[in-house]
Amino acid sequence: MTDTPTVALLGTGIMGAGMGLNILAAELPLRVWNRTADKALALGEAGATVASSPAEAVAGADVIVTMLGDGSHVREVMEQAEPASGQVWAQMTTAGVDQSELLAIAARHGLRFVDAPVVGTRAPAESGQLLVLAAGSPAARAAVQPVFDAVGRETRWVADDATGLAASRLKLVVNSWVLAITAATGEAVALAEGLGVDPQAFLDAVGGGPLDLPYLQAKAKAIRARDWTPSFSVTNAAKDADLITAAAQEAGIRLDVAPAAAARYHRAADAGHGDDDMAAGYLASF
């Protein structure tokens, strides 16, 4: 393993595309694959090798990065990839606390598994400012750190053993907060409109005080402008809310906000807004 590992990036959607550009900017050799091939072409034009299959992308790579829709997609793609013993697998998809099938794939192929979900959406991915939450062995850390340095502003190693999925557990807690804020923002703006209140009056009332948040202001601005340009889609928000709810149930914890948020995001997706930004969960109020 060198200081410039060859990277195979499986998944070049909203998040993966930005991450890939920053991996290239760090001058790491990059091979990419995406189910919808057109979404990988921009990375090819930027210098990546575009593979026609997961196996072609992974062959000879030092580090495999998966950034896909959910755990089932990761399992399907990695079964096609035919990875080799000794490769480092940075599993960066938010896949919840039940990744037993993924851990089994890693064990079966002799991969060094790193649990490494990220905090951030499109803009941080494009600017290399993601927060990487990671758990993995010290040997795997050394191999994958150049990749994390390329895509993130910081890496927080939360455990030396990836099998406990400590990073994924922390990611669900973070996302429970993000999804709750976004859903509450949509409801507050919808309530203001329904009561004949200018939503800006609400934003001004909390602005600059302890109830204010930059994220509240950003999502409220998008809602008021009906700007649904996706940074993190409604579909992904619904998926993560489901993962949070399932994890809480497994832990014997009763949650009320996360299941309610999941219902809103699913309702918005069913209405045709699945590919829109999660702020479009606001539309579930009507």
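About the cut-offs
Residues numbered from 1 in each chain as written. Predicted model: local features only at pLDDT ≥ 70, side-chain atom pairs only at ≥ 80, totals over all residues. Heavy atoms only, no water. UniProt positions renumbered as here; feature names shortened; annotations may be inferred. Helix = DSSP H or I, 4+ residues; strand = E, 2+ residues; numbered from the N terminus. Core = buried A, V, L, I, M, F, W, Y, C linked by side-chain atoms within 4.5 Å. Buried < 20%, exposed > 50% of the residue type's maximum accessible area, 1.4 Å probe, protein only. Contact = heavy atoms within 4.5 Å. Arc of directions from axis to C-beta. Salt bridge = Lys/Arg side-chain N within 4 Å of Asp/Glu carboxyl O. Phe/Tyr/Trp six-rings, centres within 6.5 Å; stacked < 30°, edge-to-face > 60°.

The name an unreviewed UniProt entry gives the protein chain is NAD(P)-dependent oxidoreductase, with Pseudonocardia abyssalis as the organism. We quote the UniProt Sequence similarities (unreviewed entry) comment for the protein chain here in full: "Belongs to the HIBADH-related family."

1. Looking at the UniProt feature "transmembrane region" (unreviewed entry) in the protein chain
In the numbering used here, UniProt assigns the "transmembrane region" (unreviewed entry) feature to residues 6-25. Between the C-alpha atoms that bound residues 6-25 the distance is 13 Å, and the span itself is 60% helix and 20% strand.

2. Here's the deal with the nonpolar core
Counting 32 residues, the largest nonpolar core has Met19, Val65, Met92 and Phe148 as its most contacted members. Counting only elements with at least two residues in this core, the list comes to strand E1 (7-10), helix H1 (14-25), strand E2 (30-33), strand E4 (63-66), strand E5 (88-91), strand E8 (130-135) and helix H7 (138-151). Apart from residues no more than four positions distant in its own chain, Met92 is found in contact with Met19, Val65, Thr66, Met67, Ala116, Pro117, Val118, Val132, Phe148 and Val151. In this structure, Trp228, Ala258, Ala261 and Ala268 belong to the second largest nonpolar core, which totals 29 residues.

3. Regarding helix H4 (residues 71-81)
Residues of H4 that are buried include every one of Val74, Val77, Met78 and Ala81, and no others. All buried residues of H4 lie within an arc of 100° about the axis, which places them on one face of the element. Against E1, E2, helix H3 (54-58), E4, E5 and helix H5 (100-109) lie the buried residues of H4. In the segment just after H4, Glu82 is the residue with positive phi, at about 50°.

4. What about the pattern of salt bridges?
Under the counting rule described, the total for this entry stands at 13 salt bridges. For Arg153, the salt bridge is made with Glu154, and the minimal N-O distance between the two is 3.6 Å. Classification of Glu154 by relative accessible area gives partly exposed; the value is 30%. Asp277 is paired through a salt bridge with Lys219; the nearest N and O atoms lie 2.8 Å apart. Of this pair, Asp277 sits in the segment after helix H12 (257-273) while Lys219 sits in helix H10 (residues 214-224), placing them 58 residues apart in sequence. An identical accessibility class is assigned to Asp277 and Lys219; each is buried. Through salt bridges with shared partners, a single network forms among Arg75, Glu79 and Glu101.

5. Brief notes about the packing of aromatic side chains
Within this structure, the stated rule accounts for 4 aromatic pairs. Taken together, a centroid distance of 5.1 Å and an interplanar angle of 85° make the contact between Trp89 and Phe113 edge-to-face. Of the two residues, Trp89 is situated in strand E5 and Phe113 in strand E6 (residues 112-115); the sequence distance between them amounts to 24 residues. Grouping residues by exposure puts Trp89 and Phe113 together as buried. Ring-pair connections join several aromatic residues into one group, and the members of that group are Trp228, Tyr282 and Phe286.

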